[in-house]
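# Architecture and fold: a report
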Amino acid sequence: LVGNTLYQLLFVFGINHTTADNASLMLATVPAWVALIGTLAGVERVEPRGWLGVGLSLAGIVLIIVGSNRQVEFHFGGATLWGDVLMLGATWCWSAYTLLSRPLMRHYPSLTVTSFSTVVGAIPLLLIATPSLVAVDWPAVPVTAWLAVMASGTFGIALAYVFWNYGVSRLGSARTSLYSNLTPPIALITAWVWLGETLTLQQVLGGVLALAGVVLAR
């Protein structure tokens, strides 16, 4: 319910009411929250190198965002306050899910935990989404949309959750969470190779810092 229902709802509605830059930066704090909550709860032991890795990774994400060739929008509060609060809640939910799932995977395979938690979390989502699903003109939905949904569900949800939980079971919550900050650097490289976008020096430096943070903490 925390990792599949609440997180998904808070993320979707949060990103709809705030800027993409705000959302990206707040999601990049997940490793810090996991390390902090895990340390306070006594379930994680983060060494100084680990905290330095978290800091470097977060600094790298900031450089990637501010180094883009577009106008960056950091406007916390005001018109985006509701979205910012929801996104903060999403980061806490994902952090809690990462920490709460680790004890389960000491007794059960990561695939079992992922499958069970996904099914349980999907039931409330389906109930909440029923009015919207009924209103959809299904015959008008193009094939490309169905393919996009299938790809998102298969790779962005199913496989991603399996890989994530497997990492938590082997590496621990804090170190696994830091890998989420490799998403922006990988997205940059993908956009450069696939879409022909131009990378700035700040973004390249940010990618290097994010990678260095993961390596240091690892």
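Rules of the game
Residues numbered from 1 in each chain as written. Predicted model: local features only at pLDDT ≥ 70, side-chain atom pairs only at ≥ 80, totals over all residues. Heavy atoms only, no water. Patch = residues over 30% accessible without salt bridge, like charges linked within 9 Å, V, L, I, M, F, W, Y side chains within 5 Å. Areas by Shrake-Rupley, 256 points an atom, 1.4 Å probe, with all protein chains shown as cover. Salt bridge = Lys/Arg side-chain N within 4 Å of Asp/Glu carboxyl O. Helix = DSSP H or I, 4+ residues; strand = E, 2+ residues; numbered from the N terminus. Core = buried A, V, L, I, M, F, W, Y, C linked by side-chain atoms within 4.5 Å. Buried < 20%, exposed > 50% of the residue type's maximum accessible area, 1.4 Å probe, protein only. Contact = heavy atoms within 4.5 Å. Phe/Tyr/Trp six-rings, centres within 6.5 Å; stacked < 30°, edge-to-face > 60°. Axes fitted to C-alpha atoms, helices over the stretch in contact; angles between N-to-C directions. Parallel < 35°, antiparallel > 145°, perpendicular 65-115°, else oblique. Left-handed = near helix turned anticlockwise from the far one by under 90°. Nonpolar A, V, L, I, M, F, W, Y, C, P; charged D, E, K, R; others polar. pLDDT = per-residue confidence, 0-100.

## Section: a nonpolar patch on the surface
Where nonpolar side chains cluster on the molecular surface, the patch consists of L126, L133, V136, W138 and W146 and spans about 460 Å² of accessible area. Within the fold, L133 resides in helix α6 (residues 110-135).

## Observations concerning the nonpolar core
Among the nonpolar cores identified, the biggest contains 13 residues, and Y7, W94 and Y161 are the most heavily contacted of them. The leading source of residues in this core is helix α5 (residues 81-104), at five residues. Dropping the residues within four chain positions of it, Y161 is found in contact with G3, N4, Y7, Q8, W94, Y97 and T114. Within the second largest apolar cluster, five residues are counted, among which are L178, L182, V214 and A217.

## Regarding the packing of aromatic side chains
Taken as a whole and judged by the stated rule, the model has eight aromatic pairs. Measuring from ring centre to ring centre gives 5.4 Å for W94 and Y161, while their planes differ by 90°; the resulting arrangement is edge-to-face. On the criterion of sequence distance, the pair formed by W94 in helix α5 and Y161 in helix α7 (residues 143-171) is long-range, its members being 67 residues apart. On the accessibility criterion, W94 (12% relative accessible area) is buried. Aromatic pair W138 and W146: ring centres 5.8 Å apart, planes at 25°, arrangement stacked. An aromatic cluster is built from Y7, F11, W94, Y97, Y161 and W164, whose rings are joined through pairwise contacts.

## Remarks on the packing of helix α3 (residues 30-41) against α5
α5 packs onto α3 with a crossing angle of 55° between their chain directions and a minimal axis gap of 9 Å. When the interaxial angle is binned, α3 and α5 end up oblique. Crossing hand, α3 versus α5: right-handed. Here α3 contributes V30, W33, V34, I37 and G38 to the contact with α5, which in turn contributes L88, T91, W92, W94, S95, T98 and L99. Partitioning the contact of α3 with α5 into residue classes produces eight nonpolar, four polar and no charged.

## Focus: the packing of helix α2 (residues 20-27) against helix α4 (residues 48-66)
Interhelical geometry of α2 versus α4 gives an angle of 165° and a closest axis separation of 10 Å. By the angle between their axes, α2 is roughly antiparallel relative to α4. Classified by chirality, the crossing of α4 by α2 is right-handed. Contacts from D21, S24 and L25 in α2 reach L58, I61, V62 and I65 in α4. Taken together, the residues of the contact of α2 with α4 break down into five nonpolar, one polar and one charged.

## Quick word on the pattern of salt bridges
Tallied over the full model, the rule gives one salt bridge. Linking R49 and E47 is a salt bridge whose minimum nitrogen-to-oxygen distance equals 3.7 Å.

## Observations regarding the confidence of the model for the protein chain
In this model, the protein chain carries a mean pLDDT of 85, and residues with pLDDT of at least 70 account for 94%. Of all secondary-structure elements in the protein chain, the lowest mean pLDDT belongs to α2, at 77, while α6 reaches the highest, 92.

## Notes on the environment of A158
Within the secondary structure, A158 is located in helix α7. Once the C-alpha coordinates of A158 and V214 are considered, the two residues, 56 residues apart in sequence, prove to be 24 Å apart.

## Some words on the side chain of T98
Mapped onto the elements, T98 comes out in helix α5. Accessibility expressed as a relative area gives 0% for T98, which makes it buried. When residues no more than four places from it in sequence are discounted, the contact partners of T98 are V34, W164, V168 and S173.

## Some remarks on the environment of R49
Considering the arrangement of structural elements, one finds R49 in helix α4. Assessed through its relative accessible area of 53%, R49 is described here as exposed. The residues touching R49, leaving out its near neighbours within four places in the chain, are L216 and A217.

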